[in-house]
Amino acid sequence: MDQMNTRIVHVDRVSSTQDVAREMVSQELGAVVVADVQEEGRGRRGHVWLSPHGGLYASIILRSDPALSLRVGVAVARALRKLGIVALLKWPNDVLVAGKKIAGILIESSGETAVVGIGANIARAPLENSTCIASETEQQVTRDELLHSILREVEMTYKEDIIEAYRALCATIGRTVQVNITAGNEITGVALGINRDGHLLVDDGEETHVIVGGDCVHLDTGV
Ligand code: BTN
């Protein structure tokens, strides 16, 4: 894989590393922008990503690929597992520990390149229903060690069947879920699985829906 000849640019305070990455390193595959603080961190589907000191906020330029969102989710979950944290994925790529969010991924693609944003809580959990590495393990990791571990894991995913790898880490399969697709368009049912395109299959009791994108909520406890 030729994407990870990494140039890492450190910045202290930015609006969003997504914007800096796009401006500074457009088209340079493998380049990474990492910030100490973001003032306007973005999450998926218009959410805000709170980004105080003590987190990883990084954007990587990668080649667009239909599995990118799942690929990076797998990589982040595995990097956390290497620290002894039992990280799982809520479809498509929220990284959870015992139901609490520890990391998230935002992909903004244009043409053949994608700006892949990764946010991970290291020293603190900015939201009530979130957690952080410091709360989940005694193992110490610096932000830059975590970033390098994630980059290595991303690279590894190009050598395997990413859908199989994703399924093995996906906490959504088998759960009762509600997926908000657009405002007022929700599907509730049992998540049957992930198809070869990475789409979520949800049985609402009448039919099986193939869901390409949305905000997924686990309605049961999953025990
Ligand atoms: C989500 O779970 O909603 C995705 C969160 C993505 C946050 C990261 S932090 C680095 C990059 N810059 C941003 O503004 N967002 C992403």
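Report on the accompanying structure. (Residues numbered from 1 in each chain as written. Predicted model: local features only at pLDDT ≥ 70, side-chain atom pairs only at ≥ 80, totals over all residues. Heavy atoms only, no water.)

## Focus on the environment of Gln140
(1) Moving on: Among the secondary structure elements, Gln140 is positioned in the loop between helix 3 (133-136) and helix 4 (143-157).
(2) Moving on: Note: C-alpha distance between Gln140 and Leu83 (57 residues apart in sequence) is 8.3 Å. (Helix = DSSP H or I, 4+ residues; strand = E, 2+ residues; numbered from the N terminus.)

## Here we look at the packing of helix 2 (residues 68-81) against helix 5 (residues 162-169)
(1) Moving on: Between helix 2 and helix 5, whose axes approach to 10 Å, the crossing angle comes to 50 degrees. Between helix 2 and helix 5, the crossing angle belongs to the class labelled oblique. Of the two elements, helix 2 crosses helix 5, and the hand of that crossing is left-handed. On the side of helix 2, the interface is formed by Leu70, Arg71, Val74, Ala77, Arg78 and Arg81, while helix 5 contributes Ile162, Ile163, Ala165, Tyr166 and Leu169.
(2) Moving on: Here the residues of the contact of helix 2 with helix 5 sort into eight nonpolar, no polar and three charged. (Axes fitted to C-alpha atoms, helices over the stretch in contact; angles between N-to-C directions. Parallel < 35°, antiparallel > 145°, perpendicular 65-115°, else oblique. Left-handed = near helix turned anticlockwise from the far one by under 90°. Contact = heavy atoms within 4.5 Å. Nonpolar A, V, L, I, M, F, W, Y, C, P; charged D, E, K, R; others polar.)

## Describing unusual backbone geometry
(1) Moving on: A cis amide bond links Trp91 to the next residue, Pro92, at an omega of 0 degrees.
(2) Moving on: Structurally, Pro92 can be placed in the loop between strand 4 (87-90) and strand 5 (94-97).
(3) Moving on: One non-glycine residue, Arg45, lies in positive phi territory at about 50 degrees.
(4) Moving on: Examined against the element boundaries, Arg45 turns out to sit in the loop between strand 2 (32-38) and strand 3 (55-63).
(5) Moving on: Judged by relative accessible area, which is 41%, Arg45 ranks as partly exposed.
(6) Moving on: Non-glycine residue Ala98 carries a positive phi angle of around 45 degrees. (Buried < 20%, exposed > 50% of the residue type's maximum accessible area, 1.4 Å probe, protein only.)

## As for the site of the ligand
(1) Moving on: Lining the immediate environment of the ligand, one finds 20 residues, of which Ser16, Gln38, Arg42, Arg44 and Lys101 sit closest.
(2) Moving on: Note that an oxygen atom of the ligand is positioned 2.7 Å from one of the side-chain N or O atoms of Ser16.
(3) Moving on: Calculation on the ligand without its partners gives an accessible area of 410 Å², and the protein chains cover 98% of this total.
(4) Moving on: Elements with a minimum of two residues in the shell around the ligand: helix 1 (17-24), strand 3, strand 6 (100-110) and strand 7 (113-121).
(5) Moving on: At four residues, the largest contribution of residues to the shell around the ligand is made by strand 6.
(6) Moving on: Grouping the amino acids of the shell around the ligand by side-chain chemistry returns six nonpolar, ten polar and four charged. (Near = heavy atom within 4 Å. Polar contact = N/O pair within 3.5 Å; in protein donor to acceptor, adjacent residues only side chain to side chain. Areas by Shrake-Rupley, 256 points an atom, 1.4 Å probe, with all protein chains shown as cover.)

## Brief notes about the packing of helix 2 against helix 4
(1) Moving on: Where helix 2 contacts helix 4, the axes come no closer than 8 Å and their chain directions differ by 130 degrees. Accordingly, the angle class assigned to the pair helix 2 and helix 4 is oblique. The interaxial crossing formed by helix 2 with helix 4 has right-handed handedness. Two secondary-structure elements touch here, helix 2 through Arg71, Val74, Ala75, Val76, Arg78, Ala79 and Leu80 and helix 4 through Leu146, Ser149, Ile150, Glu153, Val154 and Thr157.

## Remarks on the pattern of salt bridges
(1) Moving on: In this structure the tally under the stated criterion is 18 salt bridges.
(2) Moving on: Across the pair Lys90 and Asp94 runs a salt bridge, and its minimum N-O distance is 3.0 Å. The two residues Lys90 and Asp94 agree in class, both being buried. (Salt bridge = Lys/Arg side-chain N within 4 Å of Asp/Glu carboxyl O.)

## Looking at the packing of aromatic side chains
(1) Moving on: Counted under the stated rule, the structure contains zero aromatic pairs.
(2) Moving on: Lying across the ring of Tyr158, Arg71 places its NZ or CZ 4.0 Å from the centre. (Phe/Tyr/Trp six-rings, centres within 6.5 Å; stacked < 30°, edge-to-face > 60°. Lys NZ or Arg CZ within 6 Å of the ring centre and 35° of its normal.)

## Some remarks on helix 1
Residues spaced three or four apart along an α-helix point in a common direction, a consequence of the helix completing one turn every 3.6 residues.
(1) Moving on: Among all positions in helix 1, only Thr17, Gln18, Val20 and Ala21 are buried. Buried residues along helix 1 cover an arc of 165 degrees about the axis, so they all sit on one side.
(2) Moving on: The opening residue of helix 1 is Ser16, an N-cap whose side-chain oxygen sits 3.1 Å from the backbone nitrogen of Gln18. (Arc of directions from axis to C-beta.)

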